[in-house]
Amino acid sequence: MKLNTIKLTNFRNYEHLELKFNNHLNIIYGNNGEGKTNLVEAIYALSITKSFRTNNDKMLIRNGELSTKIEGEIEEKTKNNYQVILNKEGKKVKINNNIISKVSDYITNINVILLEPDEQIIFNSSPQVRRKLINIEISKIEKEYIIYLNNYNKILKQRNFYLRDLYINGNASKEYLDILTKKLVEYGFKIFELRDKFIKNINEFIVNEYQSICHNGKLNIIYNSDYKNKSIDDIIKLYDKNYNRELTLGKTLYGIHHDDVTFTLDDKDISEWGSNGQKKNAIFAFKLAEIKLISKEKNTLPILILDDLFSALDNEKVKNIINLLNTDMQTFITTTELDRLDKNLLLKASIFKVENNEIREEY
Ligand SMILES: Nc1ncnc2c1ncn2[C@@H]1O[C@H](COP(=O)(O)OP(=O)(O)O)[C@@H](O)[C@H]1O
Ligand SMILES: [Mg+2]
């Protein structure tokens, strides 16, 4: 899968920007604060319809403007035009100029894998941050996943609301709560199964990927869930048993909204035992495993983005990945230090300089 062109209108610091990309390697360089990450953020948002840096879509709109548009041509077997349009009212996505009403029909089409500097902080963040990472990755592969997740969250909200209502106005019916519980568990189970499958699939690749970067250590991901080794009936029973506790606390105590993942290196939790370098490499191995998984599941290579390469990885790892990079995979690298990149690599790449809110290709 290749991104042939991108066209930005009022995106972050870019008023108008149109670029043609190289099928293999694109290197974007410039000083800090010039807008390198903004460009790869646009590529990411073209694929996921969201930023990786902010949950507030409006931040993507150029200061003082009312809307932004990201447009790109993706080539796989055929060429297709994709558009993400954001304004104060919300978001619209289009494929070949047709509005796509369900986001889930849009985001499985363009597969982008992004590595950003300091992504290893997920190991010391709340489970919610790690769930978000997993959610985004699964929704690239499984079309139904986002729909299940949205339904689950809606029912969870209703159920929590109803629990509080039951507690305050004791006369409300437990039967209705049971209906909500059953629906919640049904969607929860589907989500559990997809998460479980995803982690198993990633684990098939991640061991080798980690070894290829670090040469020793066994990396693994453990999926922690209340649903583990349980049937739908077991989970409903769990809810029944804890009915009084849930009632007094006014919230749903069990379910996939508490799921988490633990990365282990030689069977030790990396968030507690790992060095900063090992954490960075673990994240990188995770991304490489995803590339393998996507190529297997979708029969296409995703687009790889390495933002701020020399901050995301140390020098030696940079050397390794240059060898690892499949030359057939379209890759975007941003850096402040062009001269730290291998000469032979530069010869093969398209090089873009970012300066004064513009990007110019250098020949
Ligand atoms: N919505 C926006 N409108 C205009 N400029 C923006 C907007 N958001 C960020 N910027 C500008 O983008 C710049 C940061 O760009 P960034 O891509 O993070 O730089 P870097 O090259 O270091 O990766 C800052 O100068 C900031 O002022
Ligand atoms: Mg940056």
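Not measured: the values here are computed from a predicted model. Going along each chain's sequence as written, the residues are numbered from 1 onward. Here the convention is simple: chains get letters from A, ligands get numbers from 1, in the order in which they are written. A pLDDT threshold of at least 70 governs which residues receive local features in this predicted model, and a stricter bar of 80 or more applies before side-chain atom pairs are shown or counted, although totals over entire chains, interfaces and linings include all residues.

Caption draft 1: Expanded view of the overall build of the protein. When helices and strands are counted, the protein shows twelve helices and 15 strands. A compact globule built from 363 residues should have a C-alpha radius of gyration of about 21 Å, and the protein, at 22 Å, falls within 12% of that. Exposure criterion: with C-beta atoms placed from backbone coordinates, a residue whose C-beta has 20 or more other C-beta atoms within 10 Å is buried, one with 12 or fewer is exposed, and one in between is partly exposed. Out of the 363 residues belonging to the protein, those deemed buried represent 37%. Contact between residues is assigned whenever the C-beta positions, reconstructed from backbone atoms, fall within 7 Å. Within the protein, residue pairs in contact and separated by at least 24 positions form 71% of the contacts whose partners lie at least 6 positions apart. Numbering goes from the N terminus for both helices and strands, where a helix is a DSSP run of H or I of at least four residues and a strand is a run of E of at least two. Radius of gyration: over C-alpha atoms. The globule rule applied is 2.2 Å multiplied by the number of residues raised to the 0.38 power.

Caption draft 2: Broad picture of the site of ligand 1. If you check the shell around ligand 1, you find 15 residues, and the closest are Asn-13, Lys-36, Thr-37, Asn-38 and Asn-63. For the shell around ligand 1, the leading source of residues is helix α1 (residues 36-48), giving three residues. Each residue receives one of three labels: charged for Asp, Glu, Lys and Arg, nonpolar for Ala, Val, Leu, Ile, Met, Phe, Trp, Tyr, Cys and Pro, and polar for the others, Gly being one of them. Of the residues belonging to the shell around ligand 1, the class tally is three nonpolar, eight polar and four charged. In this analysis a residue is considered near a molecule or strand if the C-beta atom, reconstructed from its backbone, is found within 6 Å of that molecule or strand.

Caption draft 3: Region of interest: the pairing of strand β3 (residues 25-29). Across the five residues of β3, five count as buried, placing the element largely inside the fold. Residues Leu-25, Ile-27 and Tyr-29 of β3 are buried on one face, and the alternating residues Asn-26 and Ile-28, pointing to the opposite face, are buried as well. As defined by bridge partners, β3 adjoins strand β13 (residues 331-335) across five bridges and the pair is classed as parallel. Paired with Asn-26 across the strands is Phe-332, a residue of β13. DSSP bridges decide pairing: two strands pair if at least two such bridges lie between them. Relative to strand β14 (residues 350-355), β3 runs parallel, the two being bridged by four bridges. Pairing of Ile-28 across the sheet is with Phe-352, part of β14.

Caption draft 4: The arrangement of the pairing of strand β2 (residues 14-20) in detail. Pairing of strand β1 (residues 2-11) with β2, which is carried by six bridges, proceeds in the antiparallel orientation. The residue of β2 that forms the bridge with Lys-7 is Glu-18. Counted between consecutive antiparallel strands, the loop separating β1 from β2 contains two residues, among which Arg-12 sits at a positive phi close to 45°.

Caption draft 5: Structural detail: the sheet that holds β3. Strand order in the open sheet formed by six strands is β8-β12-β13-β3-β14-β15, and the pairing between neighbours is mixed. Lying at the two open borders of the sheet, with one neighbouring strand each, are β8 (112-115) and β15 (358-362). Going from strand to strand, the sheet's axes swing by 20° on average, the running direction of each strand aside. When β8 meets strand β12 (residues 303-306), the two strands line up parallel, connected through four bridges. Paired with Val-112 across the bridge in β12 is Ile-303. Convention adopted: a line fitted to C-alpha atoms gives each axis, helices being fitted over their contacting stretch, and angles between N-to-C directions are expressed from 0 to 180 degrees. On the sheet, α1 packs against β3, β8, β12, β13, β14 and β15 and is oriented at approximately 150° with respect to β13. Across the sheet, helix α9 (residues 276-298) lies against β8 and β12, angled at about 170° from β8, the strand it touches most.

Caption draft 6: The sheet that holds strand β11 (residues 268-269), seen in detail. Spatial strand order, β9-β10-β11: three strands in an open sheet with antiparallel pairing. Here the strands that pair on one side only, and so sit at the sheet edges, are β9 (219-224) and β11. Of the strands in this sheet, β9 and β10 (260-265) touch helix α5 (residues 174-214), which is tilted by about 165° from β9.

Caption draft 7: Spatial organisation of unusual backbone geometry. Non-glycine residue Asn-96 carries a positive phi angle of around 50°. Looking at where Asn-96 falls in the secondary structure, it is placed in the loop between β6 (90-95) and β7 (98-99). The class of Asn-96 is exposed, set by 11 C-beta atoms lying within 10 Å. Unlike most non-glycine residues, Asp-118 shows phi in positive territory, near 65°. Secondary-structure assignment places Asp-118 in the loop between β8 and α3 (127-141). Residue Asp-118 is classed as partly exposed on the basis of its C-beta count, with 13 C-beta atoms lying within 10 Å.

Caption draft 8: Looking closely at the nonpolar core. When buried Ala, Val, Leu, Ile, Met, Phe, Trp, Tyr and Cys residues are joined through C-beta atoms within 7 Å, the set is termed a nonpolar core. Ala-42, Ile-43, Ala-282, Ala-285 and Ile-305 are the most contacted members of the largest nonpolar core, which has 87 residues in total. It is α5 that contributes the most residues to this core, eleven residues altogether. Discounting residues that sit within four places of it in the chain, Ala-282 has contacts with Tyr-210, Leu-219, Phe-263, Leu-265, Ile-270 and Gly-274.

Caption draft 9: Expanded view of the packing of α3 against α5. Between α3 and α5, whose axes approach to 11 Å, the crossing angle comes to 90°. By the angle between their axes, α3 is roughly perpendicular relative to α5. Where α3 abuts α5, its residues Ile-134, Glu-137 and Ile-138 lie against Leu-194, Arg-195 and Phe-198. Its residues assigned to classes, the contact of α3 with α5 shows four nonpolar, no polar and two charged. In what follows, roughly perpendicular refers to angles from 65 to 115 degrees, roughly parallel to angles under 35, roughly antiparallel to angles over 145, and oblique to any angle outside these ranges.

Caption draft 10: Structural detail: the domain arrangement of the protein. For the domains described, the bounds stem from an automatic or database domain assignment. Structurally, the protein comprises domain 1 (1-111 + 300-363) and domain 2 (126-299). The distance between the C-alpha centroids of domain 1 and domain 2 comes to 29 Å. Counting only elements with at least two residues in the side of domain 1 that touches domain 2, the list comes to α2 (103-107) and α11 (315-324). For the side of domain 1 that touches domain 2, the residue count by class is nine nonpolar, five polar and two charged.

Caption draft 11: Expanded view of α3. Here the expected span of a helix is defined as 1.5 Å times the quantity of residues minus one. Compared with the 21 Å implied by 1.5 Å per residue over 15 residues, the 22 Å span of α3 between its first and last C-alpha is a close match. Turning to α3, its buried residues are Arg-130, Ser-139 and Lys-140. Buried positions along α3 lie against α2, α4 (145-168), β10 and α9.

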